[in-house]
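# Secondary and tertiary structure notes
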Amino acid sequence: MYFYTKVSWNETDKMLSAEFEPAIWSDEIICEIQDGVIKRNTKNETLVERDQFEICNHKFSTIINDGYTFTLLNDSKYGLRAKDGKLSLNLLRSPTFPDESADKCEHEFIYAILPHRDNELINSVRSAHNLNRLPLVYRADYAMERLVKLSNSSLVCDCIKVSEDKKEGIVVRIYEPCGNSVTTSLAVYFSYKRVFECILIEGNRKDVDLNKLSFSPCEIKTLYFEI
């Protein structure tokens, strides 16, 4: 279920939240961070737990229990409360310090809920990416061919781009999003001379075997294709 929201926000000292009370609950919630996930406590018993009245999530947070999953997706709202069996997504705020005009303007954003019957976190990952990367539609007689394909569907190809050194290299960045150790092969559908694994800023290149790419939990791999 999607919530397409337009707001003209002119409040002071108030906060707008969207609150959900899922039928399933757990002592921990899985929150997305950049290129991975982190588990956080949902209990509200100790001083430390009570101090976690708001936590950060990126594109989604997920409660998983007994074969069922409840995922809260968003495209730009990263503050979340996960206590007392409720998920509250913070949408807008209006503090007077340090900025008296904070959030006071027109807003347009999307959030969504995704209940489903499985424990596969990758389904939440894919749905969050789809929500945040809405397709651009053009009228044109043009067919775009596939560039790469992973044999393991639990990994994410995050970007394919021209290399930063401007030497006609193509960079492919892949990451493991669910906190698991996995292996994959990568099929490539464009011509290249050599391929290397490198660091994020595309240096320290070393030979790599595309038939056996091993990922540790939440690992990012950057591949440099020399063309």
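The text that follows walks through the structure, step by step, so that each part is easy to find. Counting restarts for each chain, with residues numbered from 1 along the sequence as it is written. Local features are withheld for residues below a pLDDT of 70 in this predicted model, meaning they are given only at 70 or higher, and side-chain atom pairs are given and counted only at 80 or more; totals for whole chains, interfaces and linings count all residues. The side-chain quantities take in all heavy atoms of the structure and omit both hydrogens and water.

Here we come to the nonpolar core. Counting residues in hydrophobic clusters, the biggest one holds 20 residues, and the most contacted among them are Phe20, Ile29, Leu72, Leu80, Leu87, Leu91 and Tyr111. Helix and strand assignments come from DSSP, with helices taken as H or I runs of at least 4 residues and strands as E runs of at least 2, each series counted from the N terminus. Where this core is concerned, the elements lending two or more residues are β2 (15-20), β3 (28-33), β7 (68-74), β8 (79-83), β9 (86-93) and β10 (106-116). In terms of residues, this core owes the most to one element, β9, which gives 4 residues. It only takes one pair of heavy atoms within 4.5 Å for two residues to be counted as in contact. For Ile29, the contacting residues outside a window of four places in its chain are Ile38, Lys39, Arg40, Thr42, Ile55, Ser61, Thr62, Ile63, Leu80, Ala82 and Leu87. In terms of nonpolar packing, the next biggest core, distinct from the first, is built from 17 residues, Leu150, Ile170, Phe190 and Leu210 among them. In these notes, a set of buried Ala, Val, Leu, Ile, Met, Phe, Trp, Tyr and Cys residues joined through side-chain atoms within 4.5 Å is what counts as a nonpolar core. Only protein chains enter the area calculation, which uses a 1.4 Å probe; residues under 20% of their type maximum are buried, those over 50% are exposed, and those in between are partly exposed.

With that settled, consider the pattern of salt bridges. When a carboxyl oxygen of Asp or Glu is within 4 Å of a side-chain nitrogen of Lys or Arg, the pair counts as a salt bridge. Summed over all chains, the structure comprises 13 salt bridges. For Lys86, the salt bridge is made with Glu19, and the minimal N-O distance between the two is 3.8 Å. Here Lys86 is found in strand β9, whereas its partner Glu19 is found in strand β2, with 67 residues between them in sequence. The salt bridge partner of Lys39 is Glu28, with a shortest N-O separation of 3.6 Å. Taken together, the residues span a long stretch of sequence, with Lys39 in strand β4 (residues 36-41) and Glu28 in strand β3 at a distance of 11 residues. Residue Lys39 is classed as exposed on the basis of its relative accessible area, which comes to 55%. Owing to a relative accessible area of 35%, Glu28 belongs among the partly exposed residues under this scheme. Through salt bridges with shared partners, a single ionic network connects Lys161, Glu164 and Glu202.

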